[in-house]
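Overview (structure and organization)
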Amino acid sequence: MKTNIEFLRGFKPKSAFVAGLIGASIPLSWLAFIILTKEDLFEAWMLIPLTFIPFGGIFGALFFYLMGFVWFPTGNKKLVALMFSTLIYFIAIWISAVLAFSVTGHWD
């Protein structure tokens, strides 16, 4: 059985922070672009999705970083881990969008 130190041997907090920042910036920039191009449609309820969806991106990107660069750093396992964690990244964004829109009452 692995101890906590062996489990996170290749973990670098700075790299994890950058992965989370990139993971949050992708959906945030997309949502900001939509809001900026349609300024007349902006309402206060849109702030909840603007905060929840990037958090889903952060968690998805951190999972991607851990799977691809810490837990499975080489070989075919890394390729499978990257493909799986990419899927998990998009699922995390989707689930956070569902949560955000259901909280605001706009998920039908």
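For every chain, the first residue of its written sequence is number 1, and the numbers climb from 1 along that sequence. It should be noted that, the model being predicted, local features are given only for residues of pLDDT at least 70 and side-chain atom pairs only at 80 or more, the latter also being counted only at that level, while totals for whole chains, interfaces and linings use all residues. Side-chain numbers here rest on the full set of heavy atoms in the structure, without hydrogens or water.

1. Description of the overall build of the chain
Only DSSP runs of H or I with at least four residues qualify as helices, and only runs of E with at least two residues qualify as strands; both kinds are numbered from the N terminus onward. Secondary structure assignment for the chain yields 4 helices and 0 strands. Element order for the chain, N to C, with α for helix and β for strand: α-α-α-α. The atom set for the radius of gyration is the C-alpha atoms, and the globule formula is 2.2 Å times the number of residues raised to the power 0.38. The globule rule puts the C-alpha radius of gyration for 108 residues at 13 Å, and the 17 Å found for the chain is more than 25% above it. Overall, the C-alpha framework of the chain stretches about 55 × 25 × 25 Å when taken along its three principal axes. The cut-offs for exposure are 20% and 50% of the maximum accessible area for each residue type, with area from a 1.4 Å probe on protein chains only; residues under the lower value are buried, those over the upper are exposed, and the others partly exposed. Across the 108 residues that make up the chain, the buried fraction comes to 30%. In this description, accessible areas are obtained by the Shrake-Rupley approach with a 1.4 Å probe, and a residue is regarded as covered only by the protein chains that are shown. When the accessible surface of the chain is totalled, it reaches about 7,700 Å², and 75% of it is carbon and sulfur. Of the side chains in the chain, 7 bear a positive and 5 a negative charge, and the two mean positions are spaced by 28 Å. Residues scored as charged are limited to Lys and Arg (positive) and Asp and Glu (negative), so that His and the chain ends carry no count. Where a charge lies is defined by one atom per residue type: Lys uses NZ, Arg uses CZ, Asp uses CG and Glu uses CD.

2. Quick look at the confidence of the model for the chain
The pLDDT averaged across the chain works out to 85; a share of 93% of its residues lies at or above 70. Considering each helix and strand of the chain separately, the mean pLDDT is smallest for helix α1 (residues 4-7), with a value of 62, and largest for helix α4 (residues 75-104), with 93. Residue-level confidence of the predictor is what pLDDT reports, using numbers from 0 through 100.

3. Brief notes about a nonpolar patch on the surface
A cluster of nonpolar side chains, contributed by Phe17, Val18, Leu21, Ile22 and Ile26, occupies part of the molecular surface with about 490 Å² of accessible area. With respect to the helices and strands, the residue Leu21 is situated in helix α2 (residues 13-37). Its relative accessible area of 51% is what places Leu21 among the exposed residues. Note on patches: the residues involved have over 30% relative accessible area and no salt bridge, like charges join within 9 Å, and the nonpolar side chains Val, Leu, Ile, Met, Phe, Trp and Tyr join within 5 Å. Salt bridges are counted wherever a side-chain nitrogen of Lys or Arg sits within 4 Å of a carboxyl oxygen of Asp or Glu.

4. Topic: the packing of α2 against helix α3 (residues 47-71)
Here, axes are lines fitted to C-alpha atoms. For helices the fit covers the stretch in contact, and angles between N-to-C directions go from 0 to 180 degrees. Taken N-terminus to C-terminus, the directions of α2 and α3 make an angle of 145°; their axes are 7 Å apart at the nearest point. Viewed along their axes, α2 and α3 form a crossing whose handedness is right-handed. Along its contact with α2, which presents Ser15, Ala16, Ala19, Gly20, Gly23, Ala24, Pro27, Leu28, Leu31, Ala32 and Ile35, the element α3 presents Pro49, Leu50, Ile53, Pro54, Gly57, Ile58, Ala61, Leu62 and Tyr65. Class assignment of the residues belonging to the contact of α2 with α3 gives a composition of 16 nonpolar, 4 polar and no charged. For a crossing to be left-handed, the near helix must be turned anticlockwise from the far one by less than a right angle; the clockwise case is right-handed. Pairs of residues are marked as contacts when any of their non-hydrogen atoms sit within 4.5 Å. Note that Gly is not counted as nonpolar here; it falls among the polar residues with everything else outside the nonpolar set of Ala, Val, Leu, Ile, Met, Phe, Trp, Tyr, Cys and Pro and the charged set of Asp, Glu, Lys and Arg.

5. Description of the environment of Phe59
Assignment of secondary structure puts Phe59 in helix α3. Along the primary structure Phe59 and Trp71 are separated by 12 residues, whereas in three dimensions their C-alpha atoms are 16 Å apart.

6. Considerations on the side chain of Thr104
Looking at where Thr104 falls in the secondary structure, it is placed in helix α4. Judged by relative accessible area, Thr104 falls into the buried class, the value being 18%. One polar contact links the side chain of Thr104 to the main-chain carbonyl oxygen of Phe101, over a distance of 3.1 Å. Pairs of N or O atoms within 3.5 Å make up the polar contacts considered here, provided that, within protein, one atom can donate a hydrogen while the other can accept it, and that residues adjacent in sequence are counted only when both atoms are side-chain atoms. A distance of 3.1 Å separates the side chain of Thr104 from the side chain of His106, its partner in a polar contact. The residues contacting Thr104, other than those within four sequence positions of it, are Trp45, Ile48 and Pro49.

7. Observations concerning α4
An expected span of 1.5 Å times one less than the residue number is assigned to each helix. Helix length check: α4, at 30 residues, gives a terminal C-alpha distance of 44 Å against a target of 44 Å (1.5 Å per residue), a fit within 8%. Buried within α4 are the following residues: Ala81, Ser85, Tyr89, Ala92, Ile93, Ser96, Ala97, Val98, Ala100 and Thr104. Along its buried surface, α4 packs onto α2 and α3. Directly beyond the C-terminal end of α4, a positive phi value near 85° is found at Gly105.

8. Section: the packing of α3 against α4
Running from amino to carboxyl end, α3 crosses α4 at an angle of 165°, the nearest separation of the two axes being 8 Å. Classed by the angle they form, the pair α3 and α4 counts as roughly antiparallel. The handedness of the crossing between α3 and α4 comes out as right-handed. Within the contact of α3 with α4, the residues separate by chemical class into 21 nonpolar, 8 polar and 1 charged. The labels follow the angle: roughly parallel below 35 degrees, roughly antiparallel above 145, roughly perpendicular from 65 to 115, and oblique for the rest.

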